[in-house]
Amino acid sequence: MITVLLSSVVLSSLKCWMADAEASNSDYSHQTMTSKQDFSVYITATKLSDQEKLNALEKRWKPQKPDDYPSSMHTKSGVQRRRSLNSGHMQCYPWIAVSRSGDKAGAWCAVCVLFAVSDVHNGQRMGKLVTRPLTDFSDLAGKNGALYIHERSGCHVSNVARALEFTKRAKDPTSHADVQLISHRKQQVLQNKQALVSIVETVKFTAIQNIALRGHRDDGRIEPDGCYPPDNDGNFRMLLRFRINSGDTALQKHLRHASGNALYTSKSTQNELLQISADMVRENILQRIQGRSQPKTNGGARALGGEAQG
Ligand SMILES: [Zn+2]
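Residues numbered from 1 in each chain as written. Predicted model: local features only at pLDDT ≥ 70, side-chain atom pairs only at ≥ 80, totals over all residues.

### Some points on the overall build of the protein
Heads up, the rule is: What counts as a helix is a DSSP run of H or I of at least four residues, what counts as a strand is a run of E of at least two, and both are numbered from the N terminus. Burial is judged by counting the other C-beta atoms within 10 Å of a residue's own C-beta: 20 or more makes it buried, 12 or fewer makes it exposed, and any count in between marks it as partly exposed, with every C-beta position built from the backbone. What counts as a contact is two residues whose backbone-derived C-beta atoms lie within 7 Å of each other.
When you go through the protein residue by residue, the secondary structure sums to 13 helices and 6 strands. Per-residue burial over the protein gives 24% buried out of 310 residues. Looking at the protein alone, contacts between residues at least 24 apart form 62% of all its contacts between residues at least 6 apart.

Below, the structure is given as structure tokens:
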């Protein structure tokens, strides 16, 4: 049931997309075919650029007059009849591509030609419309018709999904899932660093003022609304609330959204920050003694930047 639903949604999307693409290209309907534009160029190419693939999907040549459509002769009840592709088929099945070149002459599926990852799908070797042209036009759109059956095949539905994803990415590179993931990741790292500055400054403040960090029952998440708890849970946590109530939105956002193992408010993180601070003070004193003093500022946040990225 889900497969049928998916197929229906994908096929519907493809028809809308290809119809839109054709409508947006007003010069397209006046094109005449040259050897360069014949679809056989895309069939035989070993590698296509993204732009060439887009052209093949959206700007390929299509028959304009009756003689342009491929046809085949059939005998029925002793009478020879010509059966042909027509404009109705092209509208109903917007993935049809037509070649008029040599042994490639006939009808093809542009989507499968461009996006099939293998000649075999689910153990079945793909044939007409994909690896060879459709040249028998006696039954196209009926329930046993070549076009009808191909459009509902698993390989075609899979390739339509690939084509839609490709087109979306080619027209808007920022829509690519990998790009979005990297962008989200960078934003997350930046937010973590901003929150860490608040936490490091709080620890630094308690160290300079010689104030104890810890209190009773100081485990668990700190509520991001900045409300003070009924029980005293220590200076560190109260100072973080004080920062939130003073407008530290980066810290508030961090406490609201960060996962439990990346809050940087635990006892172990406090101890780690103190240890880093102590190491920095010791290093600074040593450098001064050795006459190579280069005071450092805000090193704690930098030192924990790697943790934020993890
Ligand atoms: Zn196909």
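### Overview of the pairing of strand 1 (residues 71-76)
This is how the line gets drawn: Two strands qualify as a pair provided that DSSP identifies no fewer than 2 bridges between them.
Here strand 1 lies mainly on the outside; 0 of its 6 residues are buried. Strand direction decides the pairing type here: strand 1 and strand 2 (residues 79-84), joined by 6 bridges, are antiparallel. Of the residues in strand 2, the one forming a bridge with Ser72 is Arg83. Where strand 1 folds back onto strand 2 in an antiparallel hairpin, the turn is made up of 2 residues, including Ser77, whose phi is positive at roughly 55°.

### Remarks on the confidence of the model for the protein
Selection rule: Each residue gets a pLDDT score, which is the predictor's confidence in that residue and runs from 0 to 100.
For the protein, per-residue confidence averages 80 on the pLDDT scale, and 81% of positions sit at 70 or higher. No element of the protein has a lower mean pLDDT than helix 13 (residues 305-309), at 41, and none a higher one than strand 4 (residues 106-109), at 95. Counted against residues more than four places away or in other chains, residues 1-11, with its pLDDT under 50, gives 7 contacts. The model gives residues 299-310 a pLDDT under 50, and that stretch makes 19 contacts with residues more than four places away or in other chains.

### With respect to the pairing of strand 4
Bridge count for strand 3 (residues 96-99) against strand 4 is 4 bridges, and the pairing is antiparallel. Looking at strand 4, one finds that Ile96 is bridged to Cys109. Counting the residues between successive antiparallel strands, the hairpin from strand 3 to strand 4 contains 6 residues, one of them, Gly102, with a positive phi of roughly 50°.

### Quick notes on the packing of helix 3 (residues 50-58) against helix 7 (residues 154-171)
Cut-off, in case you're wondering: In this description, a line fitted to the C-alpha atoms serves as the axis of each element, helices being fitted only across the stretch in contact, and the angle between N-to-C directions of two axes falls anywhere from 0 to 180 degrees. Throughout, the term roughly parallel applies to angles under 35 degrees, roughly antiparallel to angles over 145, roughly perpendicular to angles from 65 to 115, and oblique to all others. In this scheme the handedness of a crossing depends on how the near helix is turned from the far one: anticlockwise by less than a right angle means left-handed, clockwise means right-handed.
Interaxial distance between helix 3 and helix 7 falls to 11 Å at its minimum, and their mutual angle equals 120°. In terms of their interaxial angle, helix 3 and helix 7 are classed as oblique. Of the two elements, helix 3 crosses helix 7, and the hand of that crossing is left-handed. Mapping the contact onto sequence places Asp50, Lys53, Leu54 and Leu57 in helix 3 and Ala163, Phe166, Thr167 and Ala170 in helix 7.

### Here we look at helix 7
In an α-helix, one turn spans 3.6 residues; hence positions three or four apart end up facing the same way. For clarity, the cut-off: Expected span, for any helix, means 1.5 Å times one less than how many residues it has. The reported arc concerns the directions from the helix axis to the C-beta atoms and nothing else.
Between its terminal C-alpha atoms helix 7 stretches 26 Å, which fits the 26 Å expected from 18 residues at 1.5 Å a residue. Listed as buried for helix 7 are Cys155, His156, Asn159, Val160 and Ala163. Considered in projection along helix 7, the buried side chains sweep an arc of 130° and stay on one side of the axis.

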